[in-house]
Amino acid sequence: MPDFEDLLRQVMAIRGTLRAALIDHSSGMTVAALGPEHHGEPRWEPDGDTGPMDIIRATVNSPAFVAPATPGYVEDIVVTSANGYHLIHFVVTDFDARLVLYVWLDRLVGNLAMTQRSLRNLGQHLVAA
């Protein structure tokens, strides 16, 4: 079984990361999370206000993201807000993504492209474990 806490420590080591979480998006349950909670943090509860879970569900249920007759999936969702970048990276195995890595990244300190690349690498290691 993968060490989720170790994975999240590696995510937290990415420059500018304020909070990281591993979420089972089919149920909305947080598997593990690291980083200080903050008043402006997105809500993950399935019955909470509009937040990342609503964005995930709207995206994965939208035919706009799947080409006709071609298996497809969403790799990342990036939301830019006043309080930072909110990255949602789908951990994909054989076109099945139940887990997502969520990162709240400081806009002034973090590097969005490098963070996305790091999340892809960490997600691949999670699948291989």
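Quick note: structure is the one above.
Residues numbered from 1 in each chain as written. Predicted model: local features only at pLDDT ≥ 70, side-chain atom pairs only at ≥ 80, totals over all residues. Heavy atoms only, no water.

Q: What is the right way to look at the overall build of the protein in this model?
A: For the protein, the helix and strand inventory stands at three helices and five strands. If you list the helices and strands of the protein from N to C, you get α-β-β-α-β-β-β-α. Counting across all 129 residues of the protein, residues that qualify as buried make up 38%. A fraction of 50% describes how many contacts in the protein between residues 6 or more apart in sequence connect residues 24 or more apart. (Helix = DSSP H or I, 4+ residues; strand = E, 2+ residues; numbered from the N terminus. Buried < 20%, exposed > 50% of the residue type's maximum accessible area, 1.4 Å probe, protein only. Contact = heavy atoms within 4.5 Å.)

Q: Sorry, what's going on with the pairing of strand β1 (residues 17–24) here?
A: Within a regular strand, side chains alternate between the sheet's two faces. Within β1, seven of the eight residues are buried, leaving the element largely enclosed by the surrounding structure. Strand direction decides the pairing type here: β1 and strand β2 (residues 29–34), joined by five bridges, are antiparallel. The partner of Asp24 across the bridge, within β2, is Met29. Taking the residues that link successive antiparallel strands as the turn, the β1-β2 hairpin has four residues, and the phi of Gly28 there is positive, at about 85°. (Pairing = 2+ DSSP bridges.)

Q: What is the right way to read the nonpolar core from this model?
A: Here is a general trend for soluble globular proteins: nonpolar side chains tend to be buried in one another's company. Ranked by internal contacts, the top residues of the largest apolar core, which has 17 residues, are Val11, Leu101 and Leu119. Secondary structure elements with two or more residues in this core: α1 (4–12), β1, β4 (84–93), β5 (96–105) and α3 (112–128). When residues in this core are grouped by element, the largest group, four residues, is from α1. Not counting residues up to four positions away in its chain, the partners in contact with Val11 are Thr17, Ala20, Leu101, Val103, Leu119 and Leu122. In terms of nonpolar packing, the next biggest core, distinct from the first, is built from 11 residues, Ala21, Ile56, Phe90 and Trp104 among them. (Core = buried A, V, L, I, M, F, W, Y, C linked by side-chain atoms within 4.5 Å.)

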